[in-house]
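Each chain, letter by letter, is given below.
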Amino acid sequence: MNYTDYVIWDLETTGKDPETAQIVQIAAVTVHGRKLTVKPGTEFNTLVKPLYGEEAKVLGLEELSDGAINVHGKTHEMLNEAPSLESSLKNFKDYVDDKNFKKNSWNAPIAGGYNINGYDIPILKRDLKRFKLDYPFQPVYTVDMLQWMFAFFENNKEVRSLSADNLVRNYMGYSKVNAHDALGDVHMTADLFCRSMK
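Residues numbered from 1 in each chain as written. Predicted model: local features only at pLDDT ≥ 70, side-chain atom pairs only at ≥ 80, totals over all residues. Heavy atoms only, no water.

Chemist: What is the right way to look at the overall build of the chain in this model?
Modeler: Secondary structure summary: the chain contains eight helices and five strands in total. Ordered by position from the N terminus, the helices and strands of the chain form the series β-β-β-α-α-α-α-β-α-β-α-α-α. For 198 residues, the compact-globule estimate of 2.2 N^0.38 gives 16 Å, and the C-alpha radius of gyration of the chain, at 17 Å, lies within 12% of that figure. Dimensions of the chain along its principal axes, counting C-alpha atoms only, are 50 × 45 × 25 Å. Of the contacts made within the chain by residues no fewer than 6 positions apart, 68% connect residues no fewer than 24 positions apart. When the accessible surface of the chain is summed, it comes to about 10300 Å², and 51% of that surface belongs to carbon and sulfur atoms. Across the chain, 23 positive and 27 negative side-chain charges occur, with their mean positions spaced 7 Å apart. (Helix = DSSP H or I, 4+ residues; strand = E, 2+ residues; numbered from the N terminus. Rg over C-alpha atoms; globule rule 2.2 N^0.38 Å. Contact = heavy atoms within 4.5 Å. Areas by Shrake-Rupley, 256 points an atom, 1.4 Å probe, with all protein chains shown as cover. Lys, Arg positive; Asp, Glu negative; His and termini not counted. Charge placed at Lys NZ, Arg CZ, Asp CG, Glu CD.)

Here it is, written out as C-alpha cells:
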C-alpha cells in the first residue's frame, strides 16, 4: 500500500497554450494514499490576478480573453481583486509541502489531475521557476487521469473524445455543475481517481 498522499489539483488559465497561458485559479484536494478517499478539510482554492499589457507582453504571456472567460467564468473584475501569482504559488507550495511527511522530494505527495502532464505541470513548473520556487511534488510519479482514460476507453467507439467534458461529464455522467471551475474539476477528478483505484 502507498503511504504517500496524492494531491489532485487543477489550474484555470487565460488560454490553451501551456507556453503562454497565465494561471487565474489554482485548486486542490488531498487523497489519502491508503484509504483512497479525499481527506476532509483539505481543499485549497485561490483565484490569481493575471498580468496585462506590457507586463504580460514582456514575459510572452497571453492576456485573459473573452473566450477563456466564457469557459471558466473568471472575469476581469473578479481577478483584479485576487492575490498575485507569486503569493498564490507560495501558498500552493506550502499546501503541498504540508503533506510531505518526511520533508524530502521522494516522499512528497504525488501530483494528480486530468491532463496535468501535458498542460498543468508545464505551466506550474514554468511559473515556479520564474519565482525561484521548488517543484513541491514527487519528482517521478504523477497520476494523469487523461492517460488512464485513454487506456480504459481507447477502443470504445461510443467515446468521441477523451476530454473531461465529453468523456467524464457526458459519457460517464458526472455533473456539469461547476465544470471548468478548478475546485469543481478537482473534486470530479479525485472521485474518478478513487473509483478507478478501488
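Chemist: Just checking my understanding: could you explain the side chain of Asn-100 for this structure?
Modeler: Considering the arrangement of structural elements, one finds Asn-100 in the loop between helix 4 (85-97) and strand 4 (110-113). Within the structure, Asn-100 has its side chain in polar contact with the backbone nitrogen of Lys-103 (distance 2.9 Å). (Polar contact = N/O pair within 3.5 Å; in protein donor to acceptor, adjacent residues only side chain to side chain.)

Chemist: Looking at this structure, how should I read the side chain of Lys-93?
Modeler: Here Lys-93 lies in helix 4. Lys-93 gets classed as buried once you look at its relative accessible area, which sits at 17%. Among all residues touching Lys-93, those that are not within four sequence positions of it are Leu-133, Asp-134 and Pro-136. (Buried < 20%, exposed > 50% of the residue type's maximum accessible area, 1.4 Å probe, protein only.)

Chemist: Would you mind going over the sheet that holds strand 5 (residues 142-144) with me for this structure?
Modeler: The strands that make up a sheet pair up through hydrogen bonds in the backbone, lying either parallel or antiparallel. Overall, mixed pairing links the five strands, which are arranged 3-2-1-4-5 in an open sheet. For this open sheet the edge positions go to strand 3 (44-47) and strand 5, each flanked by a neighbour on one side alone. This sheet shows a mean twist of 20° between the axes of neighbouring strands, independent of strand direction. Where strand 2 (residues 23-31) lies against strand 3, four bridges are found, and the strand directions are antiparallel. Bridged to Gln-25 within strand 3 is Leu-47. Packed on one face of the sheet, helix 5 (residues 116-130) meets strand 1 (6-13), strand 2, strand 4 and strand 5 and runs near 80° to strand 1. Against the sheet, helix 6 (residues 145-153) touches strand 4 and strand 5, its axis set at about 55° to strand 5. (Pairing = 2+ DSSP bridges. Axes fitted to C-alpha atoms, helices over the stretch in contact; angles between N-to-C directions.)

Chemist: Can you help me understand helix 7 (residues 164-171) in this one?
Modeler: An α-helical segment advances 3.6 residues per turn. Residues three or four places apart therefore align on the same side. Restricting attention to buried positions, one finds in helix 7 the residues Ala-164, Asn-166, Leu-167, Val-168 and Arg-169. A positive phi of about 85° marks Gly-173, the residue just after helix 7.

Chemist: I'm lost on the packing of aromatic side chains in this one. Help?
Modeler: In this description, a pair of aromatic rings is defined by centroid distance and the angle of the planes. In this structure the tally under the stated criterion is ten aromatic pairs. Ring centres of Phe-92 and Tyr-95 lie 6.3 Å apart, and the angle between their planes is 15°; this geometry places the pair in the stacked category. Here Phe-92 and its partner Tyr-95 are both found in helix 4, three residues apart, which amounts to about one turn of the helix. The buried category is assigned to Phe-92, whose relative accessible area is 1%. Residue classification places Tyr-95 among the buried positions, given a relative accessible area of 8%. Joined through ring pairs, the aromatic side chains of Trp-9, Phe-44, Phe-92, Tyr-95, Tyr-135 and Phe-137 make up one cluster. Across the ring face of Tyr-95, the terminal group of Lys-99 is positioned such that the distance to the ring centre comes to 3.8 Å. Residue placement shows Lys-125 over the ring face of Tyr-135; its charged tip is 4.7 Å from the ring centre. (Phe/Tyr/Trp six-rings, centres within 6.5 Å; stacked < 30°, edge-to-face > 60°. Lys NZ or Arg CZ within 6 Å of the ring centre and 35° of its normal.)

Chemist: Would you mind going over the environment of Phe-131 with me for this structure?
Modeler: Inspection of the secondary structure assignment puts Phe-131 in the loop between helix 5 and strand 5. Expressed as a C-alpha distance, the spacing of Phe-131 and Ser-161, which sit 30 residues apart in the sequence, is 36 Å. With residues near it in sequence (within four places) discarded, Phe-131 still touches Leu-85, Glu-86 and Leu-89.

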